[in-house]
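What follows is the residue order along each chain.
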Amino acid sequence: MPLYGEYEVAVLGGGPAGIAAAVAAARAGRRTLLIERYGFLGGMGTAAGVTNFCGLHGNVHGKMHRLVQGIASELLARIDRLGGLNAPHLVLGKIFAQAYDTAAYKIAADDLLAAHKVDVLFHALGAGVVMNDGMRINALMVETKGGRRAVRANIFIDCSGDGDLAAWAGAPFELGDAAGHTLYPSMMFRINGVDPDKAGEAWRTIPQLMEEAERKGTHKFPRKGAIVRPQRHAQEWRVNFTQLARADGSAINGVEPEDLTRGEIDGRRQAVEAFNFLRTVPGFENSYIIDLPPQLGIRETRRVVGGYQLTGEDVLACASFEDSIGVNGWPIEAHIAGDVIFRFPPIPESRGYNELPYRMLVPEKTENLLVAGRCASMTQEGQSAARVSGACFVMGEAAGLAAATALSGNTLPREIAIDKLQQALKEQGAFIGRDQAVPVGV
Ligand SMILES: Cc1cc2nc3c(=O)[nH]c(=O)nc-3n(C[C@H](O)[C@H](O)[C@H](O)COP(=O)(O)OP(=O)(O)OC[C@H]3O[C@@H](n4cnc5c(N)ncnc54)[C@H](O)[C@@H]3O)c2cc1C
């Protein structure tokens, strides 16, 4: 098999976790390759049309703070310079999120990786591994338009969101709850041509209008808790309205090809039905769909089991960990059949965020592998919170820097000195919790 290249660090997947991992490793002086199956970065944030950062902020004793800093701040500044970043907005009256433009995100991410001298390989689908003695990954195989290629690296970081690389390498993982059911996926879409004055704060009234429509029998919706919010330009809104299930009502499984096919087609159908309803809402009469994203939005698939699994209790109790590498301020957000259930740590009594332990990134068994992002080591409830972009940036940055730290010390990722990693993260502007003062401002 032709060798594409030999690297010190190879990152599979260019979502928030992969972007941060690649930048962190390259900035620490390591020859780094990021491999992505699409021709652009951003992961679900662009490929699935999410267009909104959650988890960058925390509600700390009733006051909003931007908790996720470091590489995420650099990316946000670049998106902002391109005119593609909204001011943060309040969700459920309790927590901030921040919308962005997908074109700006893609360009900002390209520029960020180029500035830090990350090599990028687009249009390359990771497809398997060659192992050494069952414990070390020798090479990652990628399918490209030029044929199959091998990528060799000292350390691999799985940021595929689906734990593809970890699964091929034989790392243990979980998929869904005890019955194998994952959080439900959604097909996002964006509309333009909204009359912002007439629409006003329609995100407050749309859920009631949906209930009325269902009562009258004019429409039937796949779930409650629809999110319809304006983007940077007030006539453009994002719509998070759909929920994709199999024939038996269980969630579409994002690593099953037949499920994915059905989910894409049903997702687009549901989007059209949602749009037909939205056109009955005042201010939306002349709106039109401007974007159905490249793929169905997948919230959860494989969760690779590492040295610690972040739990729902950790999120609700704002847990602390000695090996913290950053924090998560997003609540539990469970996309269950027909509904979305949010659960927050007590406000204002609690500090509103949990720490994320380094052990979440270190899979059992495979020696030269780290896992970051939504496929890191979490229970299903823990993942329903820490899967959002903020925590994925945090995990990615820590994984990239941990890989560099392991290479410098000629040791395995699971054996690095945690205090050195924590110090390096802090020096790069990250907030890791512990004894650090909470960053001020939003
Ligand atoms: C419908 C929906 C709405 C959401 N809303 C929000 C929100 O409002 N705010 C928020 O912050 N989060 C939201 N999320 C969650 C968030 O977008 C994701 O959890 C987050 O993007 C995960 O980041 P990640 O880097 O771990 O993985 P991903 O974003 O999934 O990125 C993984 C990347 O790896 C690539 N990849 C995967 N497999 C391979 C392979 N084999 N070979 C090559 N490349 C591969 C993918 O193409 C992708 O670019 C939402 C998710 C969904 C589905």
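Draft legend 1. Region of interest: empty space enclosed by the protein. For the structure shown, the criterion picks out three cavities of 30 Å³ or more. In this structure, the largest cavity spans a volume of roughly 70 Å³. What lines the largest cavity is a set of 13 residues, and nearest its centre among them are Val68, Gln69, Val394, Glu397 and Ala430. The set of elements that each furnish at least two residues to the lining of the largest cavity consists of β18 (324–328) and α11 (389–409). The leading source of residues in the lining of the largest cavity is α11, at three residues. For the lining of the largest cavity, a count of residues per class yields 10 nonpolar, two polar and one charged.

Draft legend 2. Geometry of the sheet that holds strand β15 (residues 237–240). An order of β14-β15-β13-β16 is seen for the four strands of this open sheet, with the pairing classed as antiparallel. Only two strands of the sheet have a single partner each, and these edge strands are β14 (227–230) and β16 (288–291). Here the strands of the sheet are splayed against their neighbours by 35° on average, with no regard to which way each runs. With three bridges joining them, strand β13 (residues 189–192) and β16 adopt antiparallel strand pairing. Counterpart to Asn192 in the pairing with β16 is Tyr288. Its contacts with the sheet place helix α7 (residues 202–216) against β14 and β15, and it is angled at close to 155° to β14. The sheet strands contacting helix α8 (residues 257–278) are β13, β14, β15 and β16, and the helix crosses β13 at an angle near 35°.

Draft legend 3. The arrangement of the environment of Gln295 in detail. Inspection of the secondary structure assignment puts Gln295 in the loop between β16 and β17 (302–304). Note: C-alpha distance between Gln295 and Gly263 (32 residues apart in sequence) is 9.5 Å. When residues no more than four places from it in sequence are discounted, the contact partners of Gln295 are Arg37, Tyr38, Met44, Ala47, Ala48, Met187 and Glu264. In terms of polar contacts, Gln295 uses its side chain to reach the side chain of Arg37, at 3.3 Å.

Draft legend 4. Quick look at the pairing of strand β7 (residues 95–99). Of all five residues that make up β7, five are buried, and the element is covered over most of its length. Across the two faces of β7 the burial is the same, with Ile95, Ala97 and Ala99 and Phe96 and Gln98 all buried. Judged from the three bridges that link them, strand β3 (residues 52–54) and β7 form a sheet pairing that is antiparallel. What sits directly across from Asn52, in β7, is Ala99.

Draft legend 5. Structural detail: the domain arrangement of the protein chain. Along its sequence, the protein chain is carved into domain 1 (3–178 + 300–427) and domain 2 (189–291). On a C-alpha basis, the centroid separation for the pair domain 1 and domain 2 is 28 Å. Contacts between the two partners involve 22 residues from domain 1 and, on the opposite side, 14 residues from domain 2. Of the roughly 1400 Å² buried between domain 1 and domain 2 on both sides combined, carbon and sulfur atoms contribute 43%. Linking domain 1 to domain 2 there are zero salt bridges. Across the contact surface, domain 1 and domain 2 share 11 residue pairs in polar contact (both at pLDDT 80 or more). Mapped onto the side of domain 1 that touches domain 2, the elements with two or more residues apiece are β6 (89–91), β19 (332–336) and β20 (339–343).

Draft legend 6. Fine view of the pairing of strand β9 (residues 125–132). Sheet topology places β9 next to strand β10 (residues 136–144); seven bridges connect them, and they run antiparallel. Pairing of Asn132 across the sheet is with Arg136, part of β10. Here β9 folds back onto β10 in antiparallel fashion, the turn holding three residues, of which Asp133 has a positive phi close to 50°.

Draft legend 7. Structural context of the sheet that holds β7. Pairing within the open sheet is antiparallel, and its three strands lie in the order β3-β7-β6. Either end of the sheet is taken by a strand with one partner, and the two such strands are β3 and β6. Averaged over all adjacent pairs, the angle separating strand axes in this sheet is 40°, with direction ignored.

Draft legend 8. Seen up close, the packing of aromatic side chains. All chains considered together, the criterion is met by 14 aromatic pairs. Each ring, one from Phe342 and one from Phe344, has its centre 6.4 Å from the other, and the planes form 20°; the classification is stacked. Each residue in the set Phe53, Tyr100, Tyr105 and Phe393 is aromatic and connected to the rest through ring pairs, giving one cluster. Over the aromatic face of Phe40 sits the side chain of Lys106, whose NZ or CZ is 4.3 Å from the ring centroid. Above the plane of the ring of Trp203 lies Arg229, whose end atom (NZ or CZ) is 4.2 Å from the centre.

Scoring rules and cut-offs
Residues numbered from 1 in each chain as written. Predicted model: local features only at pLDDT ≥ 70, side-chain atom pairs only at ≥ 80, totals over all residues. Heavy atoms only, no water. 1 Å grid on protein atoms, 1.4 Å probe; cavity = no way out; pocket = protein on both sides within 12 Å on 5 of 7 lines; lining within 4 Å. Points joined across faces, edges and corners; volume = space filled by probe spheres on them. Helix = DSSP H or I, 4+ residues; strand = E, 2+ residues; numbered from the N terminus. Nonpolar A, V, L, I, M, F, W, Y, C, P; charged D, E, K, R; others polar. Pairing = 2+ DSSP bridges. Axes fitted to C-alpha atoms, helices over the stretch in contact; angles between N-to-C directions. Contact = heavy atoms within 4.5 Å. Polar contact = N/O pair within 3.5 Å; in protein donor to acceptor, adjacent residues only side chain to side chain. Buried < 20%, exposed > 50% of the residue type's maximum accessible area, 1.4 Å probe, protein only. Domains from an automatic or database assignment. Buried area = accessible area lost by both parts, 1.4 Å probe. Salt bridge = Lys/Arg side-chain N within 4 Å of Asp/Glu carboxyl O. Phe/Tyr/Trp six-rings, centres within 6.5 Å; stacked < 30°, edge-to-face > 60°. Lys NZ or Arg CZ within 6 Å of the ring centre and 35° of its normal.

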